[in-house]
Amino acid sequence: MAVAEVVVVGGNYMGAWEEGPNCWRWKSSTKETVPIPLRRNGSYDDMVQSVIESGELECEPKNIVISYVMNGRGKIHPTFINNDRHVSLYMLGVIANGSRPILRINVVPRSPTISSP
């Protein structure tokens, strides 16, 4: 059996993270997701380029913030993808258990400094 080189995940481009009293929540004006093809062994730059192309965005790669939801001890935490290592960890989860957490895509005026909650 051959392993597919490309995995398609969903992306939500219309929201932002908000901190609640007990957890973080993704506030979105739509539940619509856009398919985003990702290469299994792709880099962070590959992921950003695919996100821009899939969302038909007109922005610089440095203005893209990519995250997804990670559950830990009953709480929901946004997990940010901002380097090759984070892409590898996300793809390991996709490959290992077949889950495909929806990517949360924010376009910001400038590249922010992101600290984990």
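### Brief notes about the overall build of the chain
Okay, step 1: Looking only at helices and strands, one finds two helices and seven strands in the chain.
Okay, step 2: Out of the 117 residues in the chain, the part that is buried amounts to 32%.
Okay, step 3: Excluding contacts between residues fewer than 6 apart, the proportion of contacts in the chain whose partners are at least 24 apart in sequence is 60%.

### Points about the pairing of strand 2 (residues 15-19)
Okay, step 1: As paired elements, strand 2 and strand 3 (residues 24-28) share five bridges and run antiparallel to each other. When the bridges of strand 3 are listed, G15 appears paired with S28.

### What to know about the environment of S54
Okay, step 1: For S54, the position within the fold is in helix 1 (residues 44-54).
Okay, step 2: With 20 residues separating them along the chain, S54 and V34 place their C-alpha atoms 7.0 Å apart.
Okay, step 3: Discounting chain neighbours no more than four positions away, the residues touching S54 are Y13, V34, P35, I36 and P37.
Okay, step 4: Here the side chain of S54 touches P35 through a polar contact of 3.5 Å, landing on its backbone oxygen.

### Digging into unusual backbone geometry
Okay, step 1: Of note in the backbone geometry, E56 takes a positive phi value of approximately 50 degrees without being a glycine.
Okay, step 2: E56 sits in the exposed class, given a relative accessible area of 71%.

### Regarding the confidence of the model for the chain
Okay, step 1: Chain-level statistics for the chain give a pLDDT mean of 79 and a share of 80% at 70 or above.
Okay, step 2: When pLDDT is averaged over each element of the chain, helix 1 comes out on top at 93 and strand 3 at the bottom at 77.

### Side note on the side chain of S67
Okay, step 1: Tracing the chain through its elements places S67 in strand 5 (residues 64-72).
Okay, step 2: Of note is the side chain of S67, whose polar atom sits 2.7 Å from the side chain of W17.
Okay, step 3: Sequence-distant contacts of S67, that is, excluding residues within four places in its chain, are made with W17, T79, F80, I81, I102, L103 and R104.

### Some remarks on the pattern of salt bridges
Okay, step 1: In this structure the tally under the stated criterion is one salt bridge.
Okay, step 2: Salt-bridge contacts for R39 lead to D46; the nearest nitrogen and oxygen are separated by 3.2 Å.

### Focus on helix 1
The periodicity of an α-helix, 3.6 residues per turn, causes residues three or four positions apart to be oriented the same way.
Okay, step 1: Those residues of helix 1 that sit buried are Y44, M47, V48, S50, V51 and I52.
Okay, step 2: A side-chain oxygen of the first residue of helix 1 lies 3.4 Å from the backbone nitrogen of D45; this N-cap is S43.
Okay, step 3: Immediately beyond the C-terminal end of helix 1, within one or two residues, lies E56, with a positive phi of roughly 50 degrees.

### Re the nonpolar core
Okay, step 1: Formed by 20 residues in total, the largest nonpolar core has its most connected members in L38, M47, V51, I66, I81, Y90 and L103.
Okay, step 2: Listing elements by their share of this core, those giving two or more residues are strand 1 (6-12), strand 4 (34-39), helix 1, strand 5, helix 2 (84-97) and strand 7 (103-107).
Okay, step 3: Looking at this core, the element that brings in the most residues is helix 1, giving five residues.
Okay, step 4: If we skip the residues at most four places from it in the chain, I66 touches M47, V48, V51, T79, F80, I81, L103, R104 and I105.
Okay, step 5: Counting five residues, the second largest nonpolar core, distinct from the first, contains W26, V65, F80 and V108.

The rules behind these values
- Residues numbered from 1 in each chain as written.
- Predicted model: local features only at pLDDT ≥ 70, side-chain atom pairs only at ≥ 80, totals over all residues.
- Heavy atoms only, no water.
- Helix = DSSP H or I, 4+ residues; strand = E, 2+ residues; numbered from the N terminus.
- Buried < 20%, exposed > 50% of the residue type's maximum accessible area, 1.4 Å probe, protein only.
- Contact = heavy atoms within 4.5 Å.
- Pairing = 2+ DSSP bridges.
- Polar contact = N/O pair within 3.5 Å; in protein donor to acceptor, adjacent residues only side chain to side chain.
- pLDDT = per-residue confidence, 0-100.
- Salt bridge = Lys/Arg side-chain N within 4 Å of Asp/Glu carboxyl O.
- Core = buried A, V, L, I, M, F, W, Y, C linked by side-chain atoms within 4.5 Å.

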